[in-house]
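Read off the chains here:
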Amino acid sequence: YVFSDTGAYLGINNTFDAKGQAVFQLPDGAYRFRIDYLGYQYWTADYSVPAESSATITIEHQDVRISVAGNFQGALTPLQGVKLYLFTAAGAYMGLYDTSDAAGEATFSLPQQVYKIRADFLSRQYWSDEIPGGDDNIEIPMAEARVLVALGGVPAEDARVYVFSETGAYLSTNGTTDYTGEVVFMLPAGNYKFRADALGEQYWSEVELLEADQSNVIRIDDVHTWHTTWGSDNLES
């Protein structure tokens, strides 16, 4: 954006090209320029046209590494494929995102300003602390879901079990029961619904709360569903 040397905006602006250059046709006079970049503003000094025909501003960058991991009973497991979105400290989305790799990490090249990162995982959102230029970690509290499927009182082997949000959105997560009728999921703590497909029929659980750091047992059969939580030193059913 082009301003007079007294700070008045002149209604003139342009966008940098791939070479990081913007060109203006300006009458003789004194000007200053403001660059709006990734949520922050940077000002040049005053320049006199035509004596000074170019202006350069350098915005220092550094790589910021963000790691995202599931935390179950203190054990951290890197999470791959998690979308990470860049926001300013005030909460404005900057239109930049990355996806965590096999080590659960993503890297952003950022100016030395304050930002936040949001991790979206299985329809839930998790925020980093404000990052004034350093690395940060996002830890997602996890819960174990042990889904047991039985039909007519008999464990249902090879039943396909699908995981849904509490509002019914499929979370692209599923598994098949073993010979005991059980399939185990490690999921972020929160509310879910489960659907078991067996013998051409579908059987739904109620909305179930999976508690962090707990082994949550959900039983699905053709009559009832149950939810049991196994804590570290007690049993609730």
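What counts and how
- Every chain begins its residue count from 1, and numbering advances along the sequence as written.
- Where totals are concerned, whole chains, interfaces and linings use all residues; where local detail is concerned, this predicted model gives features only for residues with pLDDT of at least 70, and gives and counts side-chain atom pairs only at 80 or more.
- The basis for every side-chain value is the complete set of heavy atoms in the structure, and neither hydrogens nor water enter the calculation.
- Helix and strand assignments come from DSSP, with helices taken as H or I runs of at least 4 residues and strands as E runs of at least 2, each series counted from the N terminus.
- We call two residues in contact whenever any of their non-hydrogen atoms come within 4.5 Å of each other.
- Whenever a nitrogen or oxygen atom comes within 3.5 Å of another N or O atom, the pair is scored as a polar contact, on the condition that within protein one atom can donate a hydrogen and the other can accept it, and that pairs from neighbouring residues in sequence are kept only if both atoms are in side chains.
- We call two strands paired when DSSP finds no fewer than two bridges between them.
- To obtain an axis, a line is fitted to C-alpha atoms, over the contacting stretch when the element is a helix, and the angle between two such axes runs from 0 to 180 degrees between their N-to-C directions.
- Planes of paired rings set the category: under 30 degrees apart is stacked, over 60 is edge-to-face and the rest tilted, where pairs are Phe, Tyr or Trp rings (Trp by its six-membered ring) whose centres lie within 6.5 Å.
- For each residue, the accessible area found with a 1.4 Å probe, counting protein chains only, is set against the maximum for its type, and the residue is called buried under 20%, exposed over 50%, and partly exposed in between.
- We define a salt bridge as a contact between a side-chain nitrogen of Lys or Arg and a carboxyl oxygen of Asp or Glu at a distance within 4 Å.
- pLDDT is a residue-level measure of predictor confidence that goes from 0 to 100.

Asker: Could you clarify how one ought to interpret the environment of Asn-14 in this entry?
Answerer: Its place among the elements puts Asn-14 in the loop between β2 (9-12) and β3 (29-37). With 13 residues separating them in the primary sequence, Asn-14 and Tyr-1 have C-alpha atoms 6.8 Å apart. The residues contacting Asn-14, other than those within four sequence positions of it, are Ala-22, Val-23 and Phe-24. Polar contacts involving the side chain of Asn-14 include one to the main-chain carbonyl oxygen of Val-23, which spans 3.1 Å.

Asker: Sorry if this is basic, but what is going on with the sheet that holds strand β9 (residues 93-99) here?
Answerer: Remark on secondary structure: sheet strands pair via backbone hydrogen bonds, oriented parallel or antiparallel. If you walk across this open sheet you meet the four strands as β9-β8-β11-β12, and the pairing is antiparallel. Either end of the sheet is taken by a strand with one partner, and the two such strands are β9 and β12 (124-127). Taken pair by pair, the neighbouring strands of this sheet meet at an average axis angle of 25°, ignoring direction. Pairing of strand β8 (residues 83-88) with strand β11 (residues 115-121) involves six bridges; the strand directions are antiparallel. The partner of Leu-86 across the bridge, within β11, is Ile-117.

Asker: Would you explain the packing of aromatic side chains in this entry?
Answerer: What describes a pair of aromatic rings is the distance from one ring centre to the other and the angle between the planes of the rings. Under the defined criterion, the tally for this structure stands at 15 aromatic pairs. Their ring planes at 65° and their centres at 5.8 Å tell us that Tyr-85 and Tyr-93 sit as a pair that is edge-to-face. Accessibility expressed as a relative area gives 39% for Tyr-93, which makes it partly exposed. Ring geometry for Tyr-85 versus Tyr-97: centroids 5.7 Å apart, planes at 40°, classification tilted. With Tyr-85 in strand β8 and Tyr-97 in strand β9, this residue pair connects regions lying twelve residues apart in the sequence. Given a relative accessible area of 18%, Tyr-85 falls into the buried group. By way of ring pairs, the aromatic residues Tyr-85, Phe-87, Tyr-93, Tyr-97 and Trp-127 are connected into one cluster.

Asker: Could you clarify how one ought to interpret the side chain of Glu-182 in this entry?
Answerer: In this fold, Glu-182 is placed in strand β17 (residues 182-188). Owing to a relative accessible area of 16%, Glu-182 belongs among the buried residues under this scheme. Polar contacts involving the side chain of Glu-182 include one to the side chain of Arg-146, which spans 2.7 Å.

Asker: How should I be thinking about the pattern of salt bridges in this particular structure?
Answerer: Taken as a whole and assessed by the stated rule, the structure comprises six salt bridges. Close ionic contact of Arg-32 with Asp-46 constitutes a salt bridge, the shortest N to O distance being 2.8 Å. Taken as a pair, Arg-32 in strand β3 and Asp-46 in the loop between β4 (40-43) and β5 (47-49) lie far apart in primary sequence, 14 residues in all. Salt-bridge contacts for Arg-146 lead to Glu-182; the nearest nitrogen and oxygen are separated by 2.7 Å. Linking Arg-146 in strand β13 (residues 136-151) with Glu-182 in strand β17, this pair joins segments that are 36 residues apart in sequence. By relative accessible area, which is 17% here, Arg-146 ends up buried.

Asker: Explain the confidence of the model for the chain here, please?
Answerer: Note that predicted coordinates carrying low pLDDT should not be read in detail. Residues at a pLDDT of 70 or more form 93% of the chain, whose mean pLDDT is 91. Across the chain, element-level confidence peaks in β17 with a mean pLDDT of 98 and bottoms out in strand β23 (residues 235-236) with 38. In this model residues 231-237 is a low-confidence stretch, pLDDT under 50, and it forms nine contacts with partners more than four residues away in sequence or in other chains.

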